[in-house]
Amino acid sequence: MRSQYSGPPPERGLFCNRTLNMRAIKAVGYDMDYTLIHYRVEAWERRAYEYIRDRLVEQGWPVADLTFDPMLAIRGLIIDTAKGNLLKANRFGFVKKALHGSKPMDFDAQREAYNRTIIDLADRRWVFLNTLFSLSEACIYAQLVDRLDAGQLPGPMGYVDLYEHVRKNLDATHMQGRLKAEIIADPERYVIDDPETPLALLDQKSAGKKLLLITNSEWAYTEPMMHFAFDKHLPDGMTWRQLFDVVIVSARKPEFFTTRSTLFEVVEANGEALLRPHSGPLNRSKPYFGGSALELERHLGLSGDEILYVGDHMFGDVHVTKNVLRWRTALILRELEDEVRAIAAFRATEIRIHWGLLTRAGNDKSHLARQVERYADIYTSRVSNFLFATPFVYLRSPRGSLPHDPSLPGGTPVFTTGDGAGSVPTE
Ligand code: 5GP
Ligand code: MG
């Protein structure tokens, strides 16, 4: 997990875990939300949070006074639904920091709870915060645990039931049209513009790569948002639709990568989007709904190692794609920009005060860092970073280090001094 890319600025590098020759990549698939389009996290998550909270108020819960706390959670934390805790774990799954509800656990309580526990994300007890969309969920869950402990919520209810209730309401918030309608009506408020993202795609297209859009968002949201984020930055007369060879909305990732679902064509008629079952070749001028990655591979006539998929969701975009299909994968991790700057300036504690760096847990790599290493061939803070390299760049992974490696001149010191001071800032 060290930069192979020396071009400026360092926090916007293309970081390589497994050697990737972009010349061999024939198609690049993109996720939309938090990949091609980056949101103002606090604005979006606060609004999503308010929708969940207001749904609970409508159900009679006394929570109208709760407010979103953007400092409570970061991506890569793990919710322990059995105990109502929010955890940061290291790469082995050992818990290094814990909150019960929104309150830090003291050392003894944390040791008592987790001394003999290794987190295995395959167990439903643990919920990994895979994306920036998870922050509202973690925040409201932690605050509701406080209320549950204080006997202020309708009962009887345990921490698991509480989590499931939050999850159900978050799902409903994303699925009902009101939140999305607000975003579409005022995109400037929610979207951070990046004029270079459309140019990065244009560059890849000019280099002969097929471009695919594969998003879980529905067509009614995808169309106006892509229009807003892309069209004004493309050459005159060109729209985002012309960039892509295949557009698939409501893809239902991760199932898109693992199961075969029916493919529909989205037919727009009188301002409404209707679905018509589709078979046969895909038409580049038409958007599709659902389907599966296997069907897409067949349509493209490509094998998995000729397709790069770029997304921000650790599990849905990157883990499954790599594990099941062996596609090449790129993770978009916007927080990396703060993280790299903080490491360079050696002021890890100044960002995200109580959780510290995203990719570290104590002296070690965090659980998130381990997943990035395992499943993302490359990772970078934003799609437009591809512009710093050519579409044919050969990205080479650094030589792996092992504890018995002799330290290289100018390289990472092997020893720590015993007072916790290592080669990287710790928390
Ligand atoms: P993508 O990142 O694949 O482009 O799209 C993400 C889509 O999933 C967005 O439309 C977003 O609203 C939706 N989404 C994000 N988190 C959740 C969730 O927890 N539940 C549901 N039902 N949808 C979600
Ligand atoms: Mg996404």
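Model, not experiment: these values are computed from the prediction.

The rules behind the values
- Residues numbered from 1 in each chain as written.
- Chains lettered and ligands numbered in written order.
- Predicted model: local features only at pLDDT ≥ 70, side-chain atom pairs only at ≥ 80, totals over all residues.
- Heavy atoms only, no water.
- Near = heavy atom within 4 Å.
- Polar contact = N/O pair within 3.5 Å; in protein donor to acceptor, adjacent residues only side chain to side chain.
- Areas by Shrake-Rupley, 256 points an atom, 1.4 Å probe, with all protein chains shown as cover.
- Helix = DSSP H or I, 4+ residues; strand = E, 2+ residues; numbered from the N terminus.
- Axes fitted to C-alpha atoms, helices over the stretch in contact; angles between N-to-C directions.
- Left-handed = near helix turned anticlockwise from the far one by under 90°.
- Contact = heavy atoms within 4.5 Å.
- Nonpolar A, V, L, I, M, F, W, Y, C, P; charged D, E, K, R; others polar.
- Donors = N, O, S within 2.8 Å, 3.2 Å for Na, K, Ca; no water.
- Buried < 20%, exposed > 50% of the residue type's maximum accessible area, 1.4 Å probe, protein only.
- Patch = residues over 30% accessible without salt bridge, like charges linked within 9 Å, V, L, I, M, F, W, Y side chains within 5 Å.
- Salt bridge = Lys/Arg side-chain N within 4 Å of Asp/Glu carboxyl O.
- Pairing = 2+ DSSP bridges.

Trainee: Outline the site of ligand 1, listing residues and values.
Mentor: Taken together, 14 residues form the shell around ligand 1, and within it Arg 167, Asp 171, His 174, Thr 215 and Ser 217 come nearest. The contact in question runs from an oxygen atom of ligand 1 to an N or O atom on the side chain of Asp 31, over 2.6 Å. In the environment of ligand 1, an oxygen atom lies 2.9 Å from a nitrogen or oxygen atom belonging to the side chain of Lys 180. Protein chains shield 83% of the accessible area of ligand 1, which is 520 Å² for the free molecule. Considering every element that reaches the shell around ligand 1, the biggest residue donor is helix α4 (residues 159–175), with 5 residues.

Trainee: Give me the lowdown on the packing of helix α1 (residues 41–58) against α4, citing residues and values where you can.
Mentor: Where α1 meets α4, the closest approach of the two axes is 9 Å, and the angle between their N-to-C directions is 115°. Between α1 and α4 lies a crossing whose hand is right-handed. When α1 is examined against α4, the residues Trp 44, Ala 48, Tyr 51, Ile 52, Arg 55 and Leu 56 are found in contact with a partner set consisting of His 165, Asn 169, Leu 170, Ala 172, Thr 173 and His 174. Considering only residue class, the contact of α1 with α4 consists of 7 nonpolar, 4 polar and 1 charged.

Trainee: With reference to specific residues and values, describe the coordination of the magnesium ion (ligand 2).
Mentor: The coordination sphere of the magnesium ion (ligand 2) contains the protein donors Asp 31 (OD), Asp 33 (O) and Asp 312 (OD), at a distance range of 2.0 to 2.2 Å. Along the chain, the residues donating to the magnesium ion (ligand 2) are arranged with the sequence spacing D-x1-D-x278-D. Across the pair, exposure class does not vary: Asp 31 and Asp 33 are buried alike.

Trainee: I'd love a proper account of a nonpolar patch on the surface, names of residues and values included.
Mentor: A cluster of nonpolar residues, Phe 92, Phe 94 and Ile 118, forms a patch on the protein surface that exposes about 300 Å² of accessible area. Following the sequence through the fold, Ile 118 ends up in the loop between α2 (107–114) and β9 (126–128).

Trainee: Go over the sheet that holds strand β14 (residues 272–277), please, and point to the residues and values.
Mentor: Taking strand neighbours across the sheet as the criterion, the 10 strands line up as β1-β20-β17-β16-β3-β11-β12-β15-β13-β14 in an open arrangement whose pairing is mixed. What marks the edges here is a single partner per strand, and that holds for β1 (15–16) and β14. Taken together, the 3 bridges between strand β13 (residues 263–269) and strand β15 (residues 287–290) define a ladder with antiparallel strand orientation. Following the sheet pairing, Leu 263 is matched in β15 by Gly 290.

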